[in-house]
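So the chains spell out like this:
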Amino acid sequence: MPARPVQARRTVRRDRSDGRAALTQLAIKVLAMPETPDVSLRPRADDDLDILFEIAADMDTWEERNPEPPGPLTRDQFIARMARRAESEASGDSVSFVVDVDGAAVGGTSLFNFDMFARHAEAGINLAPSARGRGIGTAAIALLVEFGFARRNLRRIHLQAIASNAAAIRAYEKAGFLVEGRQRQHAWVRGAYEDIVLMGILRPERVGHDSPDSRSTTAPAQRGRPR
Ligand SMILES: CC(C)(COP(=O)(O)OP(=O)(O)OC[C@H]1O[C@@H](n2cnc3c(N)ncnc32)[C@H](O)[C@@H]1OP(=O)(O)O)[C@@H](O)C(=O)NCCC(=O)NCCS
């Protein structure tokens, strides 16, 4: 398992002149500190199937998660999909993780469409509604990126998001992805055409790794990440 890049940091500043002032300062810091969940990636277990089915069958975010047209997903269809995914994983075409917070599955994330000639793959992530907006997606995608580069020796990871999916695009940007292009009106989403935003990250651009190990072809104006 790759190292966890996201951890709550507690900064205790000691005020030598006034102990009470220091305590107040600490209390304010701790109260103001956003709670960062302990996110890890792990293999899927039988116990995870209920929550993974719930996410997969969720109609509200169907278009964000699937290129296929929306429709009801039965448990049997979901199990068949899991079996196909297991075959794909066994043949090395993809790798899937459960996103775990404090021992409970809250979503899934994967690398797929591997091209080990050009050493790139596509990434995807889906969280349960209750897990969204708490920094979990950002942490999980950073872990997946680290796995792809450090453990699978990829040099590029790419993905796509519907242009209105602000949380996804922001989470990917925070993990070091750059916007590389835009497919105009490429998706039909709940009654309107939407652009698809294409994003990618090269190995030297991953967050927390400053030493480049290959030359980026990114335009100079777009450099400067990771943030
Ligand atoms: C997309 C997804 C993985 C993002 O993960 P998340 O845990 O919800 O996102 P985070 O909490 O890490 O937030 C990432 C950033 O997006 C912002 N954000 C979160 N929800 C947002 C919203 N609804 N609108 C705008 N910005 C939002 C956060 O504020 C944060 O930015 P900041 O740190 O600069 O403030 C998750 O929301 C999800 O699974 N959604 C449904 C399925 C999906 O869309 N998958 C992605 C397909 S491309």
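See above for the structure.
Definitions and cut-offs
Sequence order as written defines residue numbering, which begins from 1 separately in each chain. Confidence filtering applies because this is a predicted model: local features only for residues at pLDDT of at least 70, side-chain atom pairs given and counted only at 80 or more, and all residues used for totals across whole chains, interfaces and linings. Two strands are counted as paired when DSSP detects at least two bridges linking them. In this text, helices come from DSSP runs of H or I with a minimum length of four residues, and strands from runs of E with a minimum of two, each type numbered from the N-terminal end. Here the axes come from fitting lines to C-alpha atoms, over the contacting stretch only for helices, and the angles between their N-to-C directions go from 0 to 180 degrees. Each residue receives a C-beta atom placed from its backbone. It is near a molecule or strand if this atom lies within 6 Å of it. Throughout this entry, Asp, Glu, Lys and Arg are counted as charged residues, while Ala, Val, Leu, Ile, Met, Phe, Trp, Tyr, Cys and Pro are counted as nonpolar. The remaining residues, Gly among them, count as polar. Throughout this description, the term nonpolar core refers to a group of buried Ala, Val, Leu, Ile, Met, Phe, Trp, Tyr and Cys residues whose C-beta atoms join them within 7 Å. Burial in this document is a count-based property: other C-beta atoms within 10 Å of a residue's C-beta are tallied, and the residue is buried at 20 or more, exposed at 12 or fewer, or partly exposed in between, with C-beta positions derived from the backbone. Once C-beta atoms are placed from the backbone, any two residues with those atoms within 7 Å are in contact. Crossover handedness is defined by viewing with both strands directed away from the observer: a clockwise path from the first strand over the helix to the second marks the crossover as right-handed.

**Digging into the sheet that holds strand E1 (residues 39-42)**
Part 1 of the argument: Read from one edge of the open sheet, 7 strands run E1-E2-E3-E4-E5-E7-E6, paired in mixed fashion. Unpaired on one side and paired on the other, E1 and strand E6 (178-189) mark the two borders of the sheet. Each strand axis lies, on average, 30° off the axis of its neighbour in the sheet, ignoring direction.
Part 2 of the argument: In terms of strand pairing, strand E3 (residues 104-115) meets strand E4 (residues 120-127) through 7 bridges, oriented antiparallel. Following the sheet pairing, Phe112 is matched in E4 by Glu122.

**As for the site of the ligand**
Part 1 of the argument: Neighbouring residues of the ligand: 21 residues in total, closest Arg132, Gly137, Thr138, Ala167 and Arg170.
Part 2 of the argument: Listing elements by their share of the shell around the ligand, those giving two or more residues are helix H3 (62-65), E4, helix H5 (136-151) and helix H6 (166-174).
Part 3 of the argument: In terms of residue count, the dominant contributor to the shell around the ligand is H6 (5 residues).
Part 4 of the argument: Here the shell around the ligand is built from residues that sort into 8 nonpolar, 8 polar and 5 charged.

**Notes on the nonpolar core**
Part 1 of the argument: Core analysis: the largest hydrophobic core is formed by 39 residues, its most contacted members being Val99, Ile136, Ala140, Ile141, Leu144, Val145 and Tyr172.
Part 2 of the argument: If you list the elements that add at least two residues to this core, you get E1, strand E2 (95-101), E3, E4, H5, strand E5 (156-162), H6 and strand E7 (192-202).
Part 3 of the argument: With 9 residues, H5 is the largest single contributor of residues to this core.
Part 4 of the argument: When residues no more than four places from it in sequence are discounted, the contact partners of Ile136 are Pro37, Val39, Val99, Val101, Val106, Leu127 and Ala131.

**Topic: the pairing of E4**
Remember that side chains alternate between the two faces of the sheet whenever the strand is regular.
Part 1 of the argument: Of all 8 residues that make up E4, 6 are buried, and the element is covered over most of its length.
Part 2 of the argument: Counting the residues between successive antiparallel strands, the hairpin from E3 to E4 contains 4 residues, one of them, Arg119, with a positive phi of roughly 55°.
Part 3 of the argument: With 3 bridges connecting them, E4 and E5 associate as parallel partners. Each residue of the ladder has a partner; that of Ala121, found in E5, is Ile157.
Part 4 of the argument: Traced from E4 through H5 to E5, the parallel crossover comes out right-handed.

Treat this as a map of the structure, not an account of what it does.
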